[in-house]
Amino acid sequence: MTSNAIMFGGKLYAAILSGSASMFAESLHSLADMLNESLLMYGIRRSLREPDANHPYGFSSERTAWALVSGVGIFFLGGGVSLYHGISGLLVPHTLGDATVAQGVLALSLCFELVTMAYAFRAISRSAASSGMSFFDYIRRGSDPTAVQVFLEDCSAVVGIAIAGICVSLSKLLNLPFIDAFGSISIGVLLGSLAIFLVKRNIASLVESAMPLHRQKGIEAILEADPVIRQVTEIGSLHDVKTTQIGPDWVRFKAEVLFKGDEVTRRYILRNKDALTKDLERLRETKTDAELEEWLVRQGAEIITALGQEVDRIELELKAKVPEVKHCDLEM
């Protein structure tokens, strides 16, 4: 954000000095990037708040919501003003002043943008690899809108600088002002196109969607390997499986599970041998149907409690093995 503020100041100074429409468009581009990153930072801070009673699944969606605001407001504003300034330059041609400063500022800006783009590229590559997605798939539908938006900003900045540099140089060399105005229009179209892509992407992210199928199948395999879950080849062990991608690295998993009653009971017996020995003695001492019924109710309640403990254990182990599963609901 600091580098964008510096570049905005330098480009605006060069635009005033040279009278270049392309440089003015590039200064707006840097201003848009700076404001965009401010909104993204605000969205990240809000998304990290702890869940509360009114928001039990947290605030992860705010990251995407503020990214959407950024795409709608800033890029359309920057693109619209750049288009307007470029069209005005075509209708009212102007003579380009000294372009040396403008070319120097663009060269320095290009160095800044290439460095930040390389960092963003590496970050997205790591996220894509951990999600089991290709780089371009992650750009289209990855779970973290912030990293994708920053990377696309940097890409558009590099392209914008190239457009401005070429148009300013050709306009000055050939003494054709319309080339400079065309550069401003091109940058406006670039910003508008990026805005449309980001808006569509962020709207799609706000609509709840399932996690990638191969990762869901991985979770199902972990559950089906648990000894207390019944293995039924014909109909499967899990039913009505649903996943929801709530935010970056934040998934809700829900499934109906067939449990092995005998295995649950066997584990309960192993954990409570001493208590069951005493219960067996009480059973031998029962003399009435009421006493027998009371003993059976107590044992049934203990088995149900043991089943609940097994469900809690499975959920905790699943969250430990797949950290992105923050909420797990297993039903019988």
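Residues numbered from 1 in each chain as written. Predicted model: local features only at pLDDT ≥ 70, side-chain atom pairs only at ≥ 80, totals over all residues. Heavy atoms only, no water.

A. Representation of the overall build of the chain in the model. Along the backbone of the chain there are 11 helices and three strands. Moving toward the C terminus, one meets the helices and strands of the chain in the order α-α-α-α-α-α-α-α-β-β-α-α-α-β. Against the compact-globule benchmark of 20 Å for 332 residues, the chain has a radius of gyration of 31 Å, which places it well outside the compact range. Considering only C-alpha atoms, the chain reaches an extent of 110 × 40 × 30 Å along its principal axes. (Helix = DSSP H or I, 4+ residues; strand = E, 2+ residues; numbered from the N terminus. Rg over C-alpha atoms; globule rule 2.2 N^0.38 Å.)

B. A nonpolar patch on the surface, seen in detail. On the surface, L90, I166, L170, L173, L174, L176 and F178 cluster together into a nonpolar patch covering about 660 Å² of accessible area. Per-element accounting of the nonpolar patch gives the leading share, four residues, to helix 6 (residues 145-174). Structurally, F178 can be placed in helix 7 (residues 177-206). Given a relative accessible area of 47%, F178 falls into the partly exposed group. (Patch = residues over 30% accessible without salt bridge, like charges linked within 9 Å, V, L, I, M, F, W, Y side chains within 5 Å. Areas by Shrake-Rupley, 256 points an atom, 1.4 Å probe, with all protein chains shown as cover. Salt bridge = Lys/Arg side-chain N within 4 Å of Asp/Glu carboxyl O. Buried < 20%, exposed > 50% of the residue type's maximum accessible area, 1.4 Å probe, protein only.)

C. The arrangement of the nonpolar core in detail. One finds M23, I124, I139, F151 and L152 to be the most contacted residues of the largest nonpolar core, which totals 31 residues. Within the residue set of this core, elements represented by two or more residues are helix 1 (2-18), helix 2 (21-47), helix 4 (100-131), helix 5 (135-141), helix 6 and helix 7. Sorting elements by how many residues they give to this core places helix 6 first, with eight residues. Not counting chain neighbours up to four residues away, the residues in contact with I124 comprise F135, Y138, I139, A147, V148 and F151. Core analysis: the next-biggest nonpolar cluster, separate from the first, contains 23 residues, V251, A255, L307 and V311 among them. (Core = buried A, V, L, I, M, F, W, Y, C linked by side-chain atoms within 4.5 Å. Contact = heavy atoms within 4.5 Å.)

D. Quick peek at the pattern of salt bridges. Counted under the stated rule, the structure contains 14 salt bridges. Residues R46 and E62 are paired through a salt bridge, measuring 2.5 Å at the closest nitrogen-oxygen approach. One end of the pair, R46, is in helix 2; the other, E62, is in helix 3 (residues 61-91), and 16 residues separate them in sequence. Residue R46 is classed as partly exposed on the basis of its relative accessible area, which comes to 26%. Residue classification places E62 among the buried residues on the basis of a relative accessible area of 18%. Across the salt bridge formed by E62 and R49, the nearest N and O atoms sit 2.6 Å from each other.

E. Examining the layout of surface pockets more closely. Counted as a void, the largest pocket has a volume near 410 Å³. Along the wall of the largest pocket there are 26 residues; nearest its centre are R141, G142, S205, S209 and Q245. Mapped onto the lining of the largest pocket, the elements with two or more residues apiece are helix 3, helix 5, helix 7 and strand 1 (238-247). Ranked by residue count, the leading element in the lining of the largest pocket is helix 7, at four residues. Considering only residue class, the lining of the largest pocket consists of nine nonpolar, 10 polar and seven charged. Size it by volume and the second largest pocket reaches roughly 180 Å³. Lining the second largest pocket are 11 residues, with S47, L48, S60, R63 and W250 positioned closest to its centre. Classifying every residue of the lining of the second largest pocket by side-chain character gives five nonpolar, three polar and three charged. (1 Å grid on protein atoms, 1.4 Å probe; cavity = no way out; pocket = protein on both sides within 12 Å on 5 of 7 lines; lining within 4 Å. Points joined across faces, edges and corners; volume = space filled by probe spheres on them. Nonpolar A, V, L, I, M, F, W, Y, C, P; charged D, E, K, R; others polar.)

F. A look at a negative patch on the surface. There is a patch of like negative charges on the surface, built from D289, E291, E293 and E294. Along the chain, E293 falls in helix 11 (residues 289-321). (Lys, Arg positive; Asp, Glu negative; His and termini not counted. Charge placed at Lys NZ, Arg CZ, Asp CG, Glu CD.)

G. Up close: the environment of E263. Along the chain, E263 falls in helix 9 (residues 261-271). Overall, E263 belongs to the buried group, its relative accessible area being 18%. With 122 residues separating them in the primary sequence, E263 and R141 have C-alpha atoms 42 Å apart. Beyond its immediate chain neighbours, meaning those up to four positions away, E263 contacts P227 and V228. At 2.8 Å, the side chain of E263 forms a polar contact with the side chain of R266. (Polar contact = N/O pair within 3.5 Å; in protein donor to acceptor, adjacent residues only side chain to side chain.)

H. Structural view of the state of the cysteines. Inspection of every chain in the model, using the stated rule, returns zero disulfides. Free of any disulfide, C111 has its nearest cysteine sulfur in C155, 16 Å distant. (Disulfide = S-S within 2.5 Å.)

I. Just the packing of helix 1 against helix 2, in detail. Interaxial distance between helix 1 and helix 2 falls to 8 Å at its minimum, and their mutual angle equals 160°. Relative to helix 2, helix 1 is oriented roughly antiparallel. The two elements helix 1 and helix 2 cross, and the hand of that crossing is left-handed. Note on element contacts: helix 2 touches helix 1 through M23, F24, E26, S27, S30, L31, D33, M34 and E37, opposite N4, A5, M7, F8, K11, L12, A14, A15 and S18. The class makeup of the residues in the contact of helix 1 with helix 2 is 10 nonpolar, four polar and four charged. (Axes fitted to C-alpha atoms, helices over the stretch in contact; angles between N-to-C directions. Parallel < 35°, antiparallel > 145°, perpendicular 65-115°, else oblique. Left-handed = near helix turned anticlockwise from the far one by under 90°.)

J. Spotlight on unusual backbone geometry. Unlike most non-glycine residues, N175 shows phi in positive territory, near 55°. Among the structural elements, N175 can be located in the loop between helix 6 and helix 7. The phi dihedral of D240 falls on the positive side, at around 50°, and the residue is not glycine. Here D240 shows up in strand 1.

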